[in-house]
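As a plain string of letters, each chain reads:
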Amino acid sequence: MRQHVRIPVPDGDSLAATVALPEGTAPVAGWPGVVVVHEIYGVEPDMLDVMDLFAERGYAAVLPDLYSHGTRIACLARAMHQLATGKPGRPTADIDATRRWLAGRADVDGARLGVIGFCMGGGFALAYAAGAPPGVRAASVNYGAVPRRQEELRSVCPVVASYGARDQGFRSHGRRLQEHMAALGIEHDVEIYPEAGHSFMTDGHHPIAKLALFPLRHGLVRSAADDAWQRTFGFFDQHVDQHVAGE
């Protein structure tokens with residue numbers, strides 16, 4: 001079940017967001033929760049589908065529209081600046097506001113949260129999780145940017161990530177993430193799929209991207225997507241849903 005909500009942010013404005021909840025009554029402790037961070041294209045149908053997938057597995061999922069806090073052009077410019085500099089900016093603050101809003105719901109267990117992102121959102125999800133936000137037990141990073149300095153990820157939670165070997169723009173980031181996580185001793189599951197390119201996990205219809213972003217080999221690859229989702233849900237079930245207080 002989807003709901004449209006407004007999430008307050010510290011400057012007095014608010015974010016548009018969509019929530020998907022599991023069927024039935026929430027358990028006494030509350031559902032585990034997940035923040036979904038969209039691709040550069042914004043809140044598209046395939047990103048909404050991601051929320052539904054998590055809700056079907058018993059997670060309360062929220063997808064904030066990072067382009068709704070100000071004008072779309074200004075929001076996109078801020079997002080690109082954060083990706084280019086690696087310094088936390090408004091997108092990170094908006095993701096944190098979303099996490100706090102989700103954790104504050106009576107039907108959600110704020111100690112059992114995850115964050116997942118795709119493309120631009122994958123980089124944001126990783127950068128956000130590296131700040132060790134309260135209650136975030138796992139991060140899923142899918143064809144997202146990875147910082148060069150491994151020290152920036154020293155405090156990150158366990159990470160599951162998926163990249164495409166045909167994605168000439170981001171496949172090196174997948175290898176970098178594998179190296180960083182191994183060197184830091186952080187639990188991880190990072191896979192680079194030989195047959196996949198960029199945005200291979202969701203069925204997004206972006207015809208211009210498929211033409212303009214040829215080096216990324218943009219588009220759904222069902223076999224890789226199915227395996228990536230199986231790994232992602234298994235990782236979240238272990239680290240988020242089955243998290244025990246005090247661990």
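Our subject is the structure that appears above.
All values derive from a computational prediction rather than experimental measurement. Residue indices follow the written sequence of each chain, beginning from 1 at its first position. Local features in this predicted model are restricted to residues whose pLDDT is 70 or higher, and side-chain atom pairs enter the listing and the counts only when it is 80 or higher, whereas totals over whole chains, interfaces and linings include all residues. Values shown for side chains rest on all heavy atoms present in the structure; no hydrogens or waters enter the calculation.

J.: Just to check I follow, could you spell out the pattern of salt bridges for this structure?
T.: Oppositely charged side chains can form a pair if their charged atoms are brought close together. The salt bridge definition used is simple: a Lys or Arg side-chain nitrogen within 4 Å of an Asp or Glu carboxyl oxygen. Tallied over the full model, the rule gives 12 salt bridges. Salt-bridge contacts for Arg99 lead to Asp96; the nearest nitrogen and oxygen are separated by 2.9 Å. Of this pair, Arg99 and Asp96 are both found in helix α3 (residues 90-103), 3 residues apart, which corresponds to roughly one turn of the helix. Buried means the residue's accessible area, taken with a 1.4 Å probe over protein chains only, is under 20% of the maximum for its type, while exposed means over 50%, and partly exposed covers the values in between. Owing to a relative accessible area of 10%, Arg99 belongs among the buried residues under this scheme. In this structure, Asp109 engages Arg112 in a salt bridge whose closest nitrogen and oxygen atoms are separated by 2.8 Å. Judged by its relative accessible area of 18%, Asp109 falls in the buried class. According to the relative accessible area criterion, Arg112 is buried, its value standing at 10%. By sharing partners, the salt bridges in this structure join Arg2, Asp49 and Asp52 into a single network. A run of H or I in DSSP becomes a helix once it reaches four residues, and a run of E becomes a strand once it reaches two; helices and strands are each numbered from the N terminus.

J.: Whenever I open this one, the environment of Gly33 confuses me. Can you help?
T.: Residue position: Gly33 is located in strand β3 (residues 31-37). Expressed as a C-alpha distance, the spacing of Gly33 and Arg105, which sit 72 residues apart in the sequence, is 10.0 Å. Two residues form a contact once any of their heavy atoms are found within 4.5 Å. Ignoring any residue separated from it by four or fewer positions in sequence, one finds Gly33 in contact with Tyr59, Ala60, Leu102, Val108, Arg112, Leu113, Gly114 and Val240.

J.: For this particular structure, what's the right way to read the pairing of strand β1 (residues 2-8)?
T.: Here is the key point about a regular strand: its side chains alternate between the two faces of the sheet. A pair of strands counts as paired when DSSP detects no fewer than two bridges linking them. Direction of pairing for β1 relative to strand β2 (residues 14-20): antiparallel, over a ladder of 7 bridges. Looking at β2, one finds that His4 is bridged to Thr18.

J.: Looking at this model, I keep getting lost on the side chain of Asp94. Mind explaining?
T.: Turning to its location among the elements, Asp94 is positioned in helix α3. By relative accessible area, Asp94 is classed as buried at 3%. If we skip the residues at most four places from it in the chain, Asp94 touches Val9, Leu15, Leu66 and His69.

J.: How should helix α5 (residues 171-184) be read in this particular structure?
T.: One fewer than the residue count of a helix, multiplied by 1.5 Å, yields its expected span. The first and last C-alpha atoms of α5 sit 20 Å apart over 14 residues, in line with the 20 Å expected at 1.5 Å per residue. Residues of α5 that are buried include every one of His173, Gly174, Arg176, Leu177, His180, Met181 and Leu184, and no others. Taken around the axis of α5, the buried residues stretch over an arc of 160 degrees, which confines them to a single face. Along α5, exposed side chains directed more than 90 degrees from the buried face belong to Glu179, Ala182 and Ala183. Against α4 (120-129), β7 (159-164) and β8 (188-193) lie the buried residues of α5. Immediately downstream of α5, the backbone of Gly185 shows phi near 70 degrees, a positive value. Each direction from the helix axis to a C-beta atom contributes to the arc, which is the arc of those directions.

J.: How should I be thinking about the side chain of Ser199 in this particular structure?
T.: Considering the arrangement of structural elements, one finds Ser199 in the loop between β8 and α6 (207-212). Residue Ser199 is classed as buried on the basis of its relative accessible area of 3%. For Ser199, the side chain forms a polar contact with the side chain of Glu39, separated by 2.8 Å. Setting aside residues no more than four positions away along its own chain, Ser199 makes contact with Glu39, Tyr143, His218, Gly219 and Leu220. Here a polar contact is taken to be a pair of N or O atoms separated by no more than 3.5 Å, where protein atoms must pair a possible hydrogen donor with a possible acceptor and residues adjacent in sequence count only if both atoms sit in side chains.

J.: Any chance you could explain the packing of aromatic side chains here in plain terms?
T.: Given two aromatic rings, their pairing is described by the distance between the two centres and the angle made by the two planes. Pairing of aromatic rings covers Phe, Tyr and Trp, the last counted by its six-membered ring, and requires centre-to-centre distances within 6.5 Å; plane angles under 30 degrees mean stacked, over 60 mean edge-to-face, and any other angle means tilted. Tallied over the entire structure, the rule returns 9 aromatic pairs. Seen in terms of ring centroids, Phe118 and Trp229 are 6.0 Å apart; in terms of plane orientation they differ by 45 degrees. Their pairing is tilted. You can see Phe118 sitting in strand β5 (residues 108-118) and its partner Trp229 sitting in helix α7 (residues 222-241), a full 111 residues away along the chain. Both residues of the pair, Phe118 and Trp229, count as buried.

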